[in-house]
Structures are given as C-alpha cells and as structure tokens.
Amino acid sequence: QHMTQDLRISSSLATHPGASASTLVSAILSPLAPVLMPAEKPEDLAALTPGQRAVALLAQADSDMRDEGVRALLENWAGLTALIVDAAETVGSPTHAALLRRVLATLPEGALKEWDTLSTALDDVAEAAEPEWRALKRDWAQAGDVDVLCKAYIMAHREEFFTD
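We now turn to the structure provided with this report. Just so we're clear, the structure is a prediction, and the values are computed from it rather than from any experiment.

1. As for the packing of aromatic side chains
The tally for this structure, following the rule as stated, stands at 1 aromatic pair. Ring geometry for Tyr153 and Phe161: centres 6.2 Å apart, planes at 90°, overall edge-to-face.

Spelled out as structure tokens, the structure:
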C-alpha cells in the first residue's frame, strides 16, 4: 500500500500571462520529482495521474536527450523506456515516440531488464551504435519543442495537473 497524495498544483503557479511552456512544465514537474527521481519501474509511478506520468517522463527524456544523448537516457530511465514511448504518444508526439523506438532498436534483446545487463550491453554496443546515437540526438533536437507539446497536453487535461 502506498499513500496517495495529490501532486497537482494551483494553476496560478503556472499559467500567468506570458508564462513560457518551459516555465509551465517546470512548475508541473517540481512536486513530482520526489516520486519521479527514484523511480525504476512502472509501479513506482503509481502516485501520478496518467497525464503527470506522461509529461514527467517525456520532459525528463527530452532533458537527457538534449543534454547528454542516448546513453544518458538509457542509463537514467532503463526500466521505464517503454513508458516513455507511451508518454510521447500520449502527449501527442508520434515523432518523439518513433525516435525512442529507434533508440531501443540499438540495444540487444533483454538489455533493459536489469542495471548490470544494461551497463554491459551499453558498453558492448556503444562503439557500433555511436553513429546512430549521434543521429538520434540530432533528430531529437529537430523533432519539435517537447515543452510546447507538453503545455498543449497540460492545458487540454487541466484536471490532471491543477487543483483549481
């Protein structure tokens, strides 16, 4: 049994006139961090609404892909990668979902099952996969602003994000 807490925020914290998409997404993500950051498997995210889960996972994946690339994404979110593909679809970005599927296609079957397996698999495929990983990082950067996509989703599903 886990204690369910309301991790939504007041809309006044995020939707003031002139608030950028990234400001809104940051405000939404802030209270989710204690749930999100230690998460290793889908059930760890049970306290989040489906929308919170989708926005949080996609935003975190976006940060990793933009800052460090494929290896960081896989190392940080190994047990949640399938959920991140779903998150991109949920938020309305089939392009990002397709790129995430390309990321997963660079790994051997079963590589994401546990950390030890993943670390070894990443070391094994890194050299051969590096050109594709670089291409994926570049394609991701050109695939559209994730914060803008997330903002549109948040505003269309306000009850999942805001208490008012």
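2. Comments concerning empty space enclosed by the protein
Counted under the stated rule, the structure contains 1 cavity of 30 Å³ or more. Taken as a whole, the largest cavity holds about 30 Å³ of empty space. Every residue lining the largest cavity is listed: Leu73, Leu74, Thr81, Val85, Leu100, Val103 and Leu104. Of all elements in the fold, only helix 4 (70-77), helix 5 (81-91) and helix 6 (94-105) reach the threshold of two or more residues within the lining of the largest cavity.

3. Some details on the environment of Trp133
With respect to the helices and strands, Trp133 occurs in helix 7 (residues 115-141). Spatially, the C-alpha atoms of Trp133 and Val148 are 24 Å apart, while their sequence positions differ by 15 residues. What Trp133 contacts, discounting residues up to four positions off in sequence, is Val70, Arg71, Thr106, Leu122, Val125 and Ala126. Within the structure, Trp133 has its side chain in polar contact with the side chain of Thr106 (distance 2.9 Å).

4. Quick notes on the layout of surface pockets
Volume-wise, the second largest pocket comes out at about 150 Å³. If you go around the second largest pocket, the residues you meet are Leu104, Leu107, Pro108, Glu109, Gly110, Ala111, Leu112 and Lys113. By residue class, the composition of the lining of the second largest pocket is 5 nonpolar, 1 polar and 2 charged.

5. Here we look at the packing of helix 4 against helix 6
At a minimum axis separation of 11 Å, helix 4 and helix 6 run at an interaxial angle of 85°. When the interaxial angle is binned, helix 4 and helix 6 end up roughly perpendicular. From helix 4, Val70, Leu73 and Leu74 reach across to helix 6, where they touch Leu100, Val103 and Leu104. Residues belonging to the contact of helix 4 with helix 6 are distributed by class as follows: 6 nonpolar, no polar and no charged.

Rules used throughout
- Residue numbering note: each chain is counted from 1, following its sequence as written.
- In keeping with the model being predicted, local features are shown solely for residues with a pLDDT of at least 70 and side-chain atom pairs are shown and tallied solely at 80 or more, while totals for entire chains, interfaces and linings include all residues.
- Calculated side-chain values reflect all of the structure's heavy atoms, with hydrogen atoms and water omitted.
- Stacked, edge-to-face and tilted labels apply to pairs of Phe, Tyr and Trp rings (six-membered ring for Trp) whose centres lie within 6.5 Å, assigned for plane angles under 30 degrees, over 60, and everything in between, in that order.
- Only protein atoms enter the calculation, which uses a 1 Å grid: trapped sets of points that fit a 1.4 Å probe without letting it out are cavities, open sets showing protein on both sides within 12 Å along at least five of seven lines are pockets, and any residue with an atom within 4 Å of a point is a lining residue.
- Grid points are joined across faces, edges and corners, and a volume is the space filled by probe spheres set on the points.
- Comment: elements are numbered from the N terminus, with helices defined as DSSP H or I runs of at least four residues and strands as E runs of at least two.
- Contact between two residues is taken to exist if any of their heavy atoms lie within 4.5 Å; hydrogens are not considered.
- The term polar contact refers here to a pair of N or O atoms within 3.5 Å; inside protein, the definition further demands a hydrogen-donor-capable atom paired with an acceptor-capable atom, and it admits residues adjacent in sequence only when both atoms are side-chain atoms.
- The residue classification treats Ala, Val, Leu, Ile, Met, Phe, Trp, Tyr, Cys and Pro as nonpolar and Asp, Glu, Lys and Arg as charged. All others, Gly included, are polar.
- For helices, the axis comes from a line fit to the C-alpha atoms of the stretch in contact; other axes are also lines fit to C-alpha atoms, and the angle between any two N-to-C directions lies between 0 and 180 degrees.
- Put simply, angles under 35 degrees are roughly parallel, angles over 145 are roughly antiparallel, angles from 65 to 115 are roughly perpendicular, and the rest are oblique.

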